[in-house]
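Structure assessment
Residue strings, one per chain:
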Amino acid sequence: MSKEVIKIFDAHFHIIDNKYHLQENNGYLPDLFTYQDYKNRTENLFIDSQGGAIISGSFQGNDLKYLEVLNEFKKDGKKDFRAIINLPIETDDKTILDLNEKGIVGVRFNIFRGNSTNIDDIINFSKKIYHLCNWHVEIQIDPKNVSEIINKLLEIPRLSIDHVGLKKEAIDSLYILAKNNVKIKASGLGRLDFEPIPILKNIYKINPFLLMFGTDLPSTRVDKEKIFSRTYIDLMLNNFSEEELKNIMYNNAYNWYINRK
């Protein structure tokens, strides 16, 4: 394992704390992974997370109280952490604007795992939150159906796709999305059923400002031997140039979540 400390903007991770609401999703309830767990894990992996995006998981439902954790990051001098939440599409404008002031910058829809929200409703809601406060939508897509809804996805004003599309059957659609400036997370690499580096290199060639690295900690539902480790950091370090790494590991996500461009 390389001991080089790498500065990242962590574009995808979860905090799971039983001080707050947790609910089973399809019979699954993850192990706890608190703020202190995240801090310890990244330090042990020689990762300097200077900013990041806390992602609400399906197991958190619409609970937002757990995002008090943003204050923990601030207490440690980490002001560049934001949150992406699950939010009902019926949410009123005032609530959205209030959430924006608290460090929330977007909404996540898990189409891959049981989200029943209609794609047209997602599009309409995405336009609403974009015009209100420049929020974006993050989607964990269903690889089997992405080609059928790709034109719909391109109607979303600001969009990112989780975990490199998850499955190899989504790759062709992923390239189309990349050519249309959709952000793609280089996260969840242990979830993939394909070798990620060639695909990530192709996406980088399409547009160097799309890929955003995320640890996906604590790697819920991932096989034990594929849980995020330093191996995935070293995989990036060994396959991309210094300039490319600056974009993928930090700049692209910083601009997306903090500068919101």
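Residues numbered from 1 in each chain as written. Predicted model: local features only at pLDDT ≥ 70, side-chain atom pairs only at ≥ 80, totals over all residues. Heavy atoms only, no water.

By the naming in an unreviewed UniProt entry, the protein chain goes by Amidohydrolase family protein and is assigned to Fusobacterium animalis 11_3_2.

In a beta sheet, neighbouring strands are held together by backbone hydrogen bonds and run either parallel or antiparallel to one another. Strand order across the open sheet formed by eight strands is E1-E2-E3-E4-E5-E6-E7-E8, with parallel pairing between neighbours. Each edge of the sheet is formed by a strand with only one pairing partner; in this case those strands are strand E1 (6–13) and strand E8 (211–213). Adjacent strand axes in the sheet meet at a mean angle of 30° when their direction is disregarded. Pairing of strand E3 (residues 80–85) with strand E4 (residues 104–110) involves three bridges; the strand directions are parallel. Bridged to isoleucine 84 within E4 is glycine 106. (Pairing = 2+ DSSP bridges. Helix = DSSP H or I, 4+ residues; strand = E, 2+ residues; numbered from the N terminus. Axes fitted to C-alpha atoms, helices over the stretch in contact; angles between N-to-C directions.)

Residues Ile54, Trp135, Ile139, Leu153, Val164, Ile203 and Met236 are the most contacted members of the largest nonpolar core, which totals 75 residues. Considering every element that reaches this core, the biggest residue donor is helix H4 (residues 119–133), with six residues. Non-local contacts of isoleucine 54, meaning those with residues more than four positions away in its chain, are made with Phe13, Ile15, Tyr66, Leu67, Val69, Leu70, Phe73, Arg82, Ala83 and Ile84. If you look at the next biggest cluster of nonpolar residues, it comprises twelve residues, including Phe9, Tyr250, Trp256 and Ile258. (Core = buried A, V, L, I, M, F, W, Y, C linked by side-chain atoms within 4.5 Å. Buried < 20%, exposed > 50% of the residue type's maximum accessible area, 1.4 Å probe, protein only. Contact = heavy atoms within 4.5 Å.)

Bringing the packing of aromatic side chains into the picture now. Evaluated as defined, the whole model comprises 14 aromatic pairs. Taking 4.7 Å as the distance between ring centres and 85° as the angle between the ring planes, the aromatic pair formed by tyrosine 35 and phenylalanine 73 counts as edge-to-face. Placement of the pair is tyrosine 35 in helix H1 (residues 35–44) and phenylalanine 73 in helix H2 (residues 69–75), with a sequence separation of 38 residues. Neither residue differs from the other here; tyrosine 35 and phenylalanine 73 are each classed as buried. Ring centres of phenylalanine 228 and tyrosine 232 lie 6.0 Å apart, and the angle between their planes is 20°; this geometry places the pair in the stacked category. This pair shows no difference in class: phenylalanine 228 is buried, exactly as tyrosine 232 is. The structure contains a cluster of three or more aromatic residues connected by ring pairs, namely Phe13, Phe33, Tyr35, Tyr38, Phe73 and Phe81. Sitting above the plane of the tyrosine 250 ring, lysine 7 keeps its charged end 4.3 Å from the centroid. (Phe/Tyr/Trp six-rings, centres within 6.5 Å; stacked < 30°, edge-to-face > 60°. Lys NZ or Arg CZ within 6 Å of the ring centre and 35° of its normal.)

Quick look at empty space enclosed by the protein now. The final tally for this structure, using the stated rule, is two cavities of 30 Å³ or more. Contributing to the lining of the second largest cavity are 13 residues, with Gly188, Leu189, Gly190, Thr215 and Phe228 lying nearest its centre. Taken together, the residues that form the lining of the second largest cavity break down as five nonpolar, five polar and three charged. (1 Å grid on protein atoms, 1.4 Å probe; cavity = no way out; pocket = protein on both sides within 12 Å on 5 of 7 lines; lining within 4 Å. Points joined across faces, edges and corners; volume = space filled by probe spheres on them. Nonpolar A, V, L, I, M, F, W, Y, C, P; charged D, E, K, R; others polar.)

What follows concerns the environment of valine 69. With respect to the element layout, valine 69 can be found in helix H2. Each C-alpha atom, one on valine 69 and one on tyrosine 35, is 6.8 Å from the other, the two residues being 34 residues apart in sequence. With residues near it in sequence (within four places) discarded, valine 69 still touches Ile15, Tyr35 and Ile54.

The geometry of helix H5 (residues 146–153) relative to helix H6 (residues 171–179) is characterised by a closest axis approach of 10 Å and an angle of 10° between their N-to-C directions. What the angle tells us is that H5 and H6 run roughly parallel. Taking contact as the criterion, the partners of Val146, Ser147, Ile150 and Leu153 in H5 are, on H6, Ser173, Ile176 and Leu177. Of the residues in the contact of H5 with H6, the class split is five nonpolar, two polar and no charged. (Parallel < 35°, antiparallel > 145°, perpendicular 65-115°, else oblique.)

What follows is about the pattern of salt bridges. This structure, assessed with the given rule, holds eleven salt bridges. Lysine 79 is the partner of aspartate 80 in a salt bridge, and the nearest nitrogen-oxygen pair spans 3.4 Å. Look at aspartate 80 and you get buried, because its relative accessible area is 10%. Close ionic contact of aspartate 162 with lysine 185 constitutes a salt bridge, the shortest N to O distance being 3.9 Å. You can see aspartate 162 sitting in the loop between strand E6 (159–161) and H6 and its partner lysine 185 sitting in strand E7 (residues 183–186), a full 23 residues away along the chain. Judged by its relative accessible area of 0%, aspartate 162 is buried. Among the residues examined, lysine 185 registers a relative accessible area of 0% and is labelled buried. Each of Arg108, Glu138, Asp162 and Lys185 takes part in one network of salt bridges that share partners. (Salt bridge = Lys/Arg side-chain N within 4 Å of Asp/Glu carboxyl O.)

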